[in-house]
Amino acid sequence: MKKLLVVLTAIALVAMARGALAQITIEITESNRNATPIAVAPFAREGTGFPAEDLADIVSNDLARSGQFLPVPRTDMLSRPSKESEVFYRDWRSINTKYLLIGRESMNGPQFRVDYELFNVDTQKKVFSGYEAGPVSDARMMAHRLADEIYEHLTGVPGAFATKLLYISVARVPGGNDYSRLTMSDSDGARPVVVLETKEPLLAPTWSPDAKHIAYVSFETGRPAIYRQELATGRREQLTNFKGLNGAPSWSPDGKSMAMTLSKDGNPDIYVMDLATKQLTQITRHYAIDTEPTWMPDGQSLLFTSDRGGKPQIYRYDMRTGKTDRVTHEGSYNARARVSQDGRSVVLVHQQDGRFQIAVLDLVTKRLIPLTSTQLDESPSIAPNGSMVLYATKDAGRGILAAVAVDGDAKFKLPAREGDVREPAWSPYISR
């Protein structure tokens, strides 16, 4: 135990030293031509002790990344108001702006506060106002929450900027001693934190429904094993270490169970573990390969990938009846399903014309629509509001992350500064 603690401490120190290598940045590659023009004026500051970040710029970048809004460049702004009395609508009509957001930052002892107001330039009226407050160390997340408020008020859909990302990064070290890092960041790639670093492979990171725990597959014991980790304390628990395959962990919507793929009885099948008792229930019993389980939002059924029909396709298992039905029929390859929060849509990896692309399947209409047009797209993860899909792909021979709107109108890339990144997982909504 003491030796393990020393090893983990050493890994943590290396992770802190190398943490910047896990940083990902955002490059918008395709915008929505019908995006709504919005101006986010620089926020005024009253007092001292402010965060280093430009919060107005964070809000502007969030809205741009959604694909629904087209922020006005600051160089085009004729004025920079911070109060309603300073807003002259003609300045904003002249540059074809639809909405204007202004704000003021202030310090009251250790408490940092941002007051903001949103105006409709066409009607020349204030749409709404609000504020975010908290410790100055939370300023960046406050900006994301502000962007969420703007997004929801103007679209009717909750924003997903104040969320987190998990991803695996592989750092290339001279001499072949590569490191695999499980990294957590803000939704825009900022503030990366290395959760775990090892010389062995890491796979399949996933979030608990309350976003307080994560699970993943690590080969640190010499074979794949599923681990659960508490983010606040770093406490880890090994859930499985059976002979053969231990993979694809997926939390149930209530957080009490975890679906997974195990081959401990000879063939890869889907099992569900009660996380309190560690008792396993075998869900599928088939000579084919059944893998990649994911829960439907009601917790009453599971989607999984199986080649029982000859090629990988998505199937649905009903927990109440034990019945299994095939879900995908278009194309010879469909895998790695992830379900939207409303349970209507499924994003998946779809093979078309020899290329592996991200597609969305409407479970009601059965219509399947490709969202990407590149060659080797994999590991889709859908935002909690269902608006964007994050996935892994290749760019100039390197593994990078990319995202696409579910309507296909907006796209951006998230390359790492160094090394390859893969296996993204978008968090659920995070409570304050």
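Cut-offs applied
- Residues numbered from 1 in each chain as written.
- Predicted model: local features only at pLDDT ≥ 70, side-chain atom pairs only at ≥ 80, totals over all residues.
- Heavy atoms only, no water.
- Helix = DSSP H or I, 4+ residues; strand = E, 2+ residues; numbered from the N terminus.
- Rg over C-alpha atoms; globule rule 2.2 N^0.38 Å.
- Buried < 20%, exposed > 50% of the residue type's maximum accessible area, 1.4 Å probe, protein only.
- Contact = heavy atoms within 4.5 Å.
- Areas by Shrake-Rupley, 256 points an atom, 1.4 Å probe, with all protein chains shown as cover.
- Pairing = 2+ DSSP bridges.
- Salt bridge = Lys/Arg side-chain N within 4 Å of Asp/Glu carboxyl O.
- Core = buried A, V, L, I, M, F, W, Y, C linked by side-chain atoms within 4.5 Å.
- Axes fitted to C-alpha atoms, helices over the stretch in contact; angles between N-to-C directions.
- Parallel < 35°, antiparallel > 145°, perpendicular 65-115°, else oblique.
- Left-handed = near helix turned anticlockwise from the far one by under 90°.
- Nonpolar A, V, L, I, M, F, W, Y, C, P; charged D, E, K, R; others polar.

Caption draft 1: Expanded view of the overall build of the protein. The number of helices and strands found in the protein is 4 helices and 31 strands. Relative to the 2.2 N^0.38 estimate, which gives 22 Å for 432 residues, the radius of gyration of the protein is 23 Å and therefore close to what a compact globule would have. With the C-alpha coordinates of the protein rotated into their principal frame, the extents come out at 70 × 55 × 40 Å. Across the 432 residues in the protein, those meeting the buried criterion constitute 52%. Nonlocal contacts in the protein, meaning residues at least 24 apart in sequence, comprise 42% of its contacts between residues at least 6 apart. When the accessible surface of the protein is split by element, carbon and sulfur atoms take 49% of a total near 19,700 Å².

Caption draft 2: Highlighting the pairing of strand 7 (residues 125-135). Where strand 6 (residues 111-120) meets strand 7, 10 bridges bridge the pair, whose relative direction is antiparallel. Directly across from Glu117, in strand 7, lies its bridge partner Ser129. In this structure, the hairpin formed by strand 6 and strand 7 is closed by a connection of 4 residues, where Gln124 is found at a positive phi of approximately 60°.

Caption draft 3: Up close: the pattern of salt bridges. Evaluation of the coordinates by the stated rule reveals 25 salt bridges. Arg65 is the partner of Asp62 in a salt bridge, and the nearest nitrogen-oxygen pair spans 3.0 Å. Of this pair, Asp62 and Arg65 both sit in helix 2 (residues 55-66), 3 residues apart, which is roughly one turn of the helix. A single burial state applies to Asp62 and to Arg65, both of which are buried.

Caption draft 4: The nonpolar core, seen in detail. In this structure, Phe43, Leu55, Val59, Leu63, Leu101, Leu146 and Ile150 are the most contacted members of the largest nonpolar core, which totals 25 residues. For this core, the elements supplying multiple residues, two or more each, are strand 2 (36-40), helix 2, strand 5 (99-108), strand 6 and helix 4 (139-155). The greatest single-element share of this core, amounting to 7 residues, is contributed by helix 4. Excluding residues within four positions of it along the chain, Leu63 makes contact with Ile38, Val40, Gln68, Phe69, Ala147, Ile150, Tyr151 and Phe161. Core analysis: the second largest hydrophobic core is formed by 17 residues, Ala383, Ala392, Ala410 and Trp426 among them.

Caption draft 5: Seen up close, the packing of helix 2 against helix 4. Helix 4 packs onto helix 2 with a crossing angle of 45° between their chain directions and a minimal axis gap of 9 Å. Relative to helix 4, the element helix 2 is oriented oblique. The handedness of the crossing between helix 2 and helix 4 comes out as right-handed. Contacts between helix 2 and helix 4 involve Leu55, Ile58, Val59, Asp62, Leu63 and Ser66 from the former and Ala139, Arg140, Ala143, His144, Leu146, Ala147, Ile150 and Tyr151 from the latter. By residue class, the composition of the contact of helix 2 with helix 4 is 10 nonpolar, 2 polar and 2 charged.

Caption draft 6: Quick peek at the sheet that holds strand 24 (residues 345-352). Strand order in this open sheet of 4 strands is 23-24-25-26, and the pairing throughout is antiparallel. What marks the edges here is a single partner per strand, and that holds for strand 23 (334-339) and strand 26 (368-370). Taking each pair of neighbouring strands and ignoring which way they run, the sheet shows an average axis angle of 30°.

Caption draft 7: Up close: the sheet that holds strand 29 (residues 398-405). The strand order 1-30-29-28-27 describes an open sheet built from 5 strands, whose pairing is antiparallel. Each edge of the open sheet is held by one strand with a lone partner, namely strand 1 (27-30) and strand 27 (378-382). Each strand axis lies, on average, 30° off the axis of its neighbour in the sheet, ignoring direction. Bridge count for strand 28 (residues 388-395) against strand 29 is 8 bridges, and the pairing is antiparallel. Bridging from a neighbouring strand, Ala392 pairs with Leu401 of strand 29.

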